[in-house]
Amino acid sequence: MADPMKIRATLQGDIADVRILMRHPMETGTRKTASGLVPMHFIQSVIVQHNGKTVLDAQWSQAVSRDPLLGLRVKGAKIGDKITVTWTDNKNDKRTDEVAVMAGT
Amino acid sequence: MNRQRRTFLQFTSSAATMFVAAAAGLLKTGAVWAAPWNKTAFEAKASAEAMKGLGAGNLIESKDIIITAPDIAENGAVVQVAITSRIPNTQIIAIIVEKNPFPLAASFDIMPGSESYVLTRLKIGQTTDVRVIVKADGKFHTAAKEVKVTVGGCG
């Protein structure tokens, strides 16, 4: 099981500023170690939902940095709304985490 | 110049182009729940092929795409890039790092519940243009920003 994501969703007006930090090696398949090439291993898809409705559907390549960061702004959000994030990698590992929208500063 | 290598490259790129053309009709990313991973576009080794894979043609240069990225990246392994599209009805934001081995880095399907803004961090192998393609109302808009890389982020 993959490590949990860190998700922060803060409300600014009626927009939720969402920052997601995923834990993933994001191997390109070209990195060499003493035992040879490290096989490709990267997140291919990230889906962000707001109260169950998809708001962002991302497709990624191996060029996204290790431990990826994703930021987006969700419209029409309220405190307590649920932000759900699911990623799937090229080995079909998946991880879903959820947070509630918090008040911004 | 190494002639054999030239011929080989020519051959493989023309074969890849044909493959892209054949697959383009099959791999349309739509507003389905999870868009299928666009293998053709992501495995393209040149940015022109990646654009074809995305179905992007007749690109319109746009000042309404704002790319926030450093002018100089000391560490190419982690380059933070933010994109805001002021084009109405933005459906897709795609990021192409022109000189990366696989130029298409990411493609975001923007649904009506999200602002046309994304932020992420990319690996950039060498000094290159970071090109953004925005699909809005069926048209493709583009903008680019050069990022100078001191230490490469690939390999």
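Residues numbered from 1 in each chain as written. Chains lettered and ligands numbered in written order. Predicted model: local features only at pLDDT ≥ 70, side-chain atom pairs only at ≥ 80, totals over all residues.

**Regarding the pairing of strand 7 (residues 69–74) of chain A**
Two faces, one strand: in a regular strand the side chains alternate between the faces of the sheet. Applied cut-off: Residues with at least 20 neighbouring C-beta atoms inside 10 Å of their own are called buried, those with 12 or fewer are called exposed, and the rest are partly exposed, where every C-beta is derived from the backbone. Numbering of helices and strands runs from the N terminus, with a helix taken as a DSSP run of H or I at least four residues long and a strand as a DSSP run of E at least two residues long. Two strands are counted as paired when DSSP detects at least two bridges linking them.
Alternating residues of strand 7 of chain A divide into Leu70, Leu72 and Val74 of chain A, all buried, and Leu69, Gly71 and Arg73 of chain A, none buried. Where strand 2 (residues 15–21) of chain A and strand 7 of chain A come together, 6 bridges link them in antiparallel fashion. Paired with Asp17 of chain A across the two strands is Arg73 of chain A, which belongs to strand 7 of chain A. Two strands pair when backbone bridges link them, and strand 7 of chain A and strand 7 (residues 114–122) of chain B are joined in this way by 4 bridges, in the antiparallel orientation. Across the sheet, residue Leu72 of chain A finds its bridge partner in strand 7 of chain B, namely Val118 of chain B.

**Regarding the interface of chain A and chain B**
We apply this condition: C-beta atoms are placed from the backbone for every residue, and two residues are taken to be in contact when these atoms lie within 7 Å. Each residue is assigned to one class: nonpolar for Ala, Val, Leu, Ile, Met, Phe, Trp, Tyr, Cys and Pro, charged for Asp, Glu, Lys and Arg, and polar for all the others, Gly among them.
The partner chain B presents 31 residues to the 30 residues of chain A that form the contact. Secondary-structure elements contributing two or more residues to the side of chain A that touches chain B are strand 5 (43–50), strand 6 (53–60) and strand 7 of chain A. When residues in the side of chain A that touches chain B are grouped by element, the largest group, 8 residues, is from strand 6 of chain A. Grouping the amino acids of the side of chain A that touches chain B by side-chain chemistry returns 13 nonpolar, 12 polar and 5 charged. Bridge count for strand 6 of chain A against strand 6 (residues 104–110) of chain B is 5 bridges, and the pairing is antiparallel. Its bridge partner being in strand 6 of chain B, Asp57 of chain A is matched across the sheet by Asp109 of chain B.

**Let's talk about the sheet that holds strand 7 of chain B**
Strand order in the open sheet formed by 7 strands is 10(A)-1(A)-2(A)-7(A)-7(B)-4(B)-2(B), and the pairing between neighbours is mixed. Each end of this open sheet is capped by a strand with a single partner; those strands are strand 10 (102–103) of chain A together with strand 2 (65–68) of chain B. Summarising the sheet, strand 2 of chain B and strand 4 (residues 79–85) of chain B pair through 4 bridges and their orientation is antiparallel. Across the sheet, residue Ile65 of chain B finds its bridge partner in strand 4 of chain B, namely Ser85 of chain B.

**Concerning the nonpolar core**
Put simply, the rule is: To define a nonpolar core, we join buried Ala, Val, Leu, Ile, Met, Phe, Trp, Tyr and Cys residues through C-beta atoms within 7 Å and take the resulting set.
Judged by nonpolar contacts, the single largest core of 62 residues is most densely connected at Val46 and Val48 of chain A together with Ile93, Ile95, Leu104, Ala105 and Leu122 of chain B. Top element by residues in this core is strand 5 (residues 90–97) of chain B. It accounts for 6 residues. Beyond its immediate stretch of four places on either side in the chain, Ile93 of chain B contacts Ile83, Ser85, Phe108, Ile110, Ser116, Val118, Val132 and Val134 of chain B.

**Observations regarding the pairing of strand 5 of chain A**
Residues and elements named next belong to chain A. Among the 8 residues of strand 5, 7 are classified as buried, and the element is accordingly described as predominantly covered. Across 7 bridges, the pairing between strand 5 and strand 8 (residues 82–89) is antiparallel. Counterpart to Ser45 in the pairing with strand 8 is Thr88. Here strand 5 pairs with strand 6 via 6 bridges, running antiparallel.

**A closer look at the environment of Gln126 of chain B**
Within the secondary structure, Gln126 of chain B sits in the loop between strand 7 and strand 8 (128–136). Considering only alpha carbons, one finds Gln126 of chain B and Val149 of chain B, 23 residues apart in sequence, at a separation of 5.3 Å.

**Considerations on the confidence of the model for chain A**
The condition that has to hold: Values of pLDDT, ranging from 0 to 100, describe the predictor's confidence in every residue of the model.
Residue-level pLDDT values for chain A average 95, and 99% of them are 70 or greater. When mean pLDDT is compared element by element in chain A, strand 7 of chain A scores highest at 98, while strand 3 (residues 32–33) of chain A scores lowest at 88.

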